[in-house]
Structure formats: C-alpha cells, structure tokens
Amino acid sequence: MANKANSVTARVGGDLGRAEDGASDIGGRTDPAYATREETAYALATGGILKPAWRDAYTRVPREAFLPDTIWPYDAEAGRAVHVSRAENPDVWRGYASADVPIVTQWDDGQHVGREPGRMPTSSASMPSVVFRMLDALTVDDYCRVLEIGTGTGWNAALLAHKVGDENVVTVEVDEAVAVRAREALAHFFGAPMDVLHGDGRAGAPGRGTFDRVIATCGVRQLPYAWVAQTRPGGVIVAPWGTAFTNTDGIVRLRVEADGGSASGRFTGPAEFMKLRAQRSVPIHHEAYARQLPDAAASMEPGDAVRDLAASGRFGALTFALGLRVRDCTHTAASKRDGARPHWFYSLSDRSWACALLTDGKEPARVWQQGPRRLWDEVRAAHDWWVGRGRPGWGRFGLTVSGGGERVWVDEAGCFV
C-alpha cells in the first residue's frame, strides 16, 4: 500500500510511510534462529494450542518436508522477512522450519527472482500456532472427507491426511506451479499421489461430491456459497474472513444447517492470511486521494475513537467492527512522529478520504475529511455503535452464509451488524 505524500506529512507532523515488508539476507548467521521442533511442540501444547488429537500428526508430519530450499521466514529479531537458503545455511533453514513463524515461499505469483523480496507475498507456510488453532476448530473425526482451499506447500493437507487418510483429502490450489510442487511433496511423503487440484478455489472441488469438513487457508472477503453447497448438513467450514478495512481476517467456524441451504457460526479470533486471488484488494495510492490537506482548518473532535482504534491495533475487535460498519473503506495508521500519529481512511467507492490525528497529551483530535463521503463521521458513528453494544470482542461476532448472500451478526443470528 503506497502512502507517500510529503506535503501531507509536513502538514500533519507524521510519517505517512508504511512499515516495510522487505526481506534481508540472513548473512553469516549459523546458529539456529528458533527453538527445535520438540521445543515448539512443548510451547504449543502447554499453551493449549496443540491439542492431544493433533500431537501425533505434528510429530510425524514435519513442516520442513514441504518447504522449498529457498524461503523467506519472518525473523522476530530483525522485525521482517529474511532470505534463507537450505544449501547455504542448512542449520538456520531447519531452525526456521521448526519455528512458530510464517514463511513466505513465493512472491508476486511466481514472477519474482533473486534473493531480495518481491512486491507481494503470494504463497506461504502459515505459522504452526495458527495452523493448529484452525485444525482444532475444524473438529475432524477419523475418516472425515475434507476439502482444503489453498494447498500452498501441502503441509496442512498432509496433517489432515495423516489424521483422516490421504484418500479422504481433496485440496485445491490456484497457482499451477505451487500445485505441482505440493503434489510432488505429498506423493513423496505418503508414497502415493493425493488429490491436488489446480483451479480456482471459489468453485470448491466440482465433481468430487460432498465433504464433512471444508477449511480455507486463504483469506476471503466473501465466503463462496459453493463451499456451503459442497458441505453435508451438520458439516463444518473454517475460514479466514474479513473486510477491506485492513488486511486482518477473523477465523470463522460455520456449521451447515440441517436443510443444507445455509451455514452459520461465530468468529474465534484474528489472523492474517494471503487473500483468495480473485478477492485481493486493489492497492491504495495516497496521491490519488490527498496530495495535500485542504486549506481549511481541521475540525477538533473528541479523541476517544482515535485512541481506541490505536489501542485496538490490527488484530483488535474494534478494528474488525469498524470494517463491518464502514463499508468499502481502507484504514492505515502511519508511524508516530513527535507524539502524533495520523490515521488515514480511504473510500473504495470514490475518492473520499479522512485523516484523524491525535497527539499525545492532547485530548481533541484534529480531523480532515474531503469528498462526497464524510468518512470520519462514518468511523465515529461506527465507534459509537461498538461502544453502545458493550465493546463486543471477537467471540460475540458471527457470520451466516446462504444462497442469498452473507450477513455478520453480533451476539445471536439475526442481530445483524
């Protein structure tokens, strides 16, 4: 997301630059960067994430068996992704493979070359803590038929296959090169081919019948009804679902109703996934909205909404709620400078925008907004709604999907947001 506007930066006293997602080379580091697989398993188990039902799969299906030789794991110490080559530094490669970190395995839909990062990560191996939270929510029984949307490296499909049998897992991958590599890795691991489909996951797995469980490992902005239609009544769907407001998703667990026509369930918590390719957001270019702030003085507004939004962060329930109430809008918070941090809001339906700036130690926020939509007014009203509802957390929100569309609700189905 491009947010470079020097004239505006000077006016609001904040840095509009984005946090870089670039990678760097791991260099000469030779010590393992993270815990061993056994130590990671212990941490996940004691934290209540790796449940007994999945411990054998974790032990017998190592993530490293499905990773390519070149990876870009997230390095906590560096605060960014780093380039790691198995051939050059096998100990570090293995350390990251065992760690509870996300690992980028492809940039720019496979068009990227070289050691430096591309513009956008487009395939990855999710961090184990997220993987096992979602698998736990899926509640698979032995011999369940499972459809996975988003094969990626194949590790998640392998964990499922170990649990339910490789003949009971169908996995769909939109990127042909990624699908080919995963198919090879799965066949090598299990000694037999698995059903890895190359296609658009929005359609599910046509011709493969119905499934007991469906799990998506890519974020969606609208859950395809085809997934509901391919799940048996009483079956479960687990998927990351979110809005355009931020890149954050909420993990939702849906149960298909007895008539098979709809599915409903609650959100379990936040995560962040690469999006279904057909539902990716269009990048925001700041200059197309606000080359400079208007000459008119900013309005002075109560600072509670900005303060709560800053405290909520990317993964907070307020940020999620604002995305539900302020439709077709993207939010980004710039870096803080001199105690002031601007929050920008961009309309996706026109060129309306707003900027709210709260300075440490000063109660009123300075607000600029321009365009047909009064975006700050919408954000303020959404914040008031959230406060009036008792500041609901993730577990109070739910989603219902039917042939007629989808609706998010709070507390109980029918109380729509």
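Just so it is clear, the structure is predicted and the values come from calculations on it, not from any experiment.

Caption draft 1: Local environment of the pattern of salt bridges. Enumeration over the complete set of coordinates arrives at 22 salt bridges. The residue Asp69 makes a salt bridge to Arg86 at a minimum N-O spacing of 3.9 Å. Pair noted here: Asp69 is in the loop between helix 3 (52-60) and strand 2 (70-75) and Arg86 is in the loop between strand 3 (80-85) and helix 4 (90-98), with a separation of 17 residues, a long-range link. A relative accessible area of 47% means that Asp69 is categorised as partly exposed.

Caption draft 2: Representation of the nonpolar core in the model. Leu223, Trp241, Phe345 and Phe397 are the most contacted members of the largest nonpolar core, which totals 54 residues. With 38 residues, the next largest nonpolar core counts Cys144, Ala185, Met194 and Ile215 among its residues.

Caption draft 3: Quick peek at the environment of Pro102. Along the chain, Pro102 falls in the loop between helix 4 and strand 4 (103-107). Between the alpha carbons of Pro102 and Ser124 there is a distance of 7.1 Å; along the sequence they are 22 residues apart. Leave out the neighbours within four places in its chain, and Pro102 touches Trp72, Pro73, Tyr74, Ala125, Ser126 and Met127.

Caption draft 4: Local environment of helix 2 (residues 37-46). Within the sequence span of helix 2, burial applies to Arg37, Thr40, Ala41 and Leu44. For helix 2, the buried positions fall inside an angular range of 100° around the axis, keeping them on one side. Facing away from the buried side of helix 2 by over 90 degrees, the exposed positions are Glu38, Tyr42 and Thr46. Note on helix 2: the residue one or two positions beyond its end, Gly48, has a positive phi of about 80°.

Caption draft 5: A look at the side chain of Asp249. Here Asp249 lies in strand 11 (residues 249-256). A distance of 2.8 Å separates a polar atom in the side chain of Asp249 from a polar atom in the side chain of Arg221. Within the structure, the side chain of Asp249 is placed 3.3 Å from the side chain of Lys275, a separation counted as a polar contact. Ignoring sequence-local partners within four residues, the contact set of Asp249 consists of Gly219, Arg221, Pro240, Trp241, Gly242, Gly269, Pro270, Ala271, Glu272, Phe273, Lys275 and Trp394.

Caption draft 6: Up close: the packing of helix 10 (residues 317-325) against helix 11 (residues 375-388). Viewed as axis vectors pointing N to C, helix 10 and helix 11 meet at an angle of 120°, and their least axial separation amounts to 9 Å. Between helix 10 and helix 11, the crossing angle belongs to the class labelled oblique. As for the relative orientation of helix 10 and helix 11, their crossing is right-handed in sense. The segment helix 10 lies against helix 11, with Ala317, Leu318, Ala321, Leu322 and Arg325 engaging Val379, Ala382, His383, Trp385 and Trp386. Grouping the constituent residues of the contact of helix 10 with helix 11 by class yields eight nonpolar, one polar and one charged.

Caption draft 7: Local environment of the sheet that holds strand 13 (residues 299-301). Here five strands make up an open sheet; going across it, the order is 13-17-16-15-14 and the pairing antiparallel. Edge strands, defined here as strands with exactly one partner in the open sheet, are strand 13 and strand 14 (329-333). Pairwise comparison of adjacent strand axes, ignoring direction, gives a mean angle of 25° for this sheet. The pairing of strand 13 with strand 17 (residues 365-370) spans three bridges and is antiparallel. Looking at the pairing, Ser299 lines up with Val367 of strand 17. Each of strand 14, strand 15 (340-347), strand 16 (353-359) and strand 17 is contacted by helix 9 (residues 304-312), which is oriented at about 95° to strand 15, the strand it contacts most. On top of the sheet, helix 11 reaches strand 13, strand 14, strand 15, strand 16 and strand 17; it is set at about 105° to strand 15, its chief contact.

Definitions and cut-offs
Residues numbered from 1 in each chain as written. Predicted model: local features only at pLDDT ≥ 70, side-chain atom pairs only at ≥ 80, totals over all residues. Heavy atoms only, no water. Salt bridge = Lys/Arg side-chain N within 4 Å of Asp/Glu carboxyl O. Helix = DSSP H or I, 4+ residues; strand = E, 2+ residues; numbered from the N terminus. Buried < 20%, exposed > 50% of the residue type's maximum accessible area, 1.4 Å probe, protein only. Core = buried A, V, L, I, M, F, W, Y, C linked by side-chain atoms within 4.5 Å. Contact = heavy atoms within 4.5 Å. Arc of directions from axis to C-beta. Polar contact = N/O pair within 3.5 Å; in protein donor to acceptor, adjacent residues only side chain to side chain. Axes fitted to C-alpha atoms, helices over the stretch in contact; angles between N-to-C directions. Parallel < 35°, antiparallel > 145°, perpendicular 65-115°, else oblique. Left-handed = near helix turned anticlockwise from the far one by under 90°. Nonpolar A, V, L, I, M, F, W, Y, C, P; charged D, E, K, R; others polar. Pairing = 2+ DSSP bridges.

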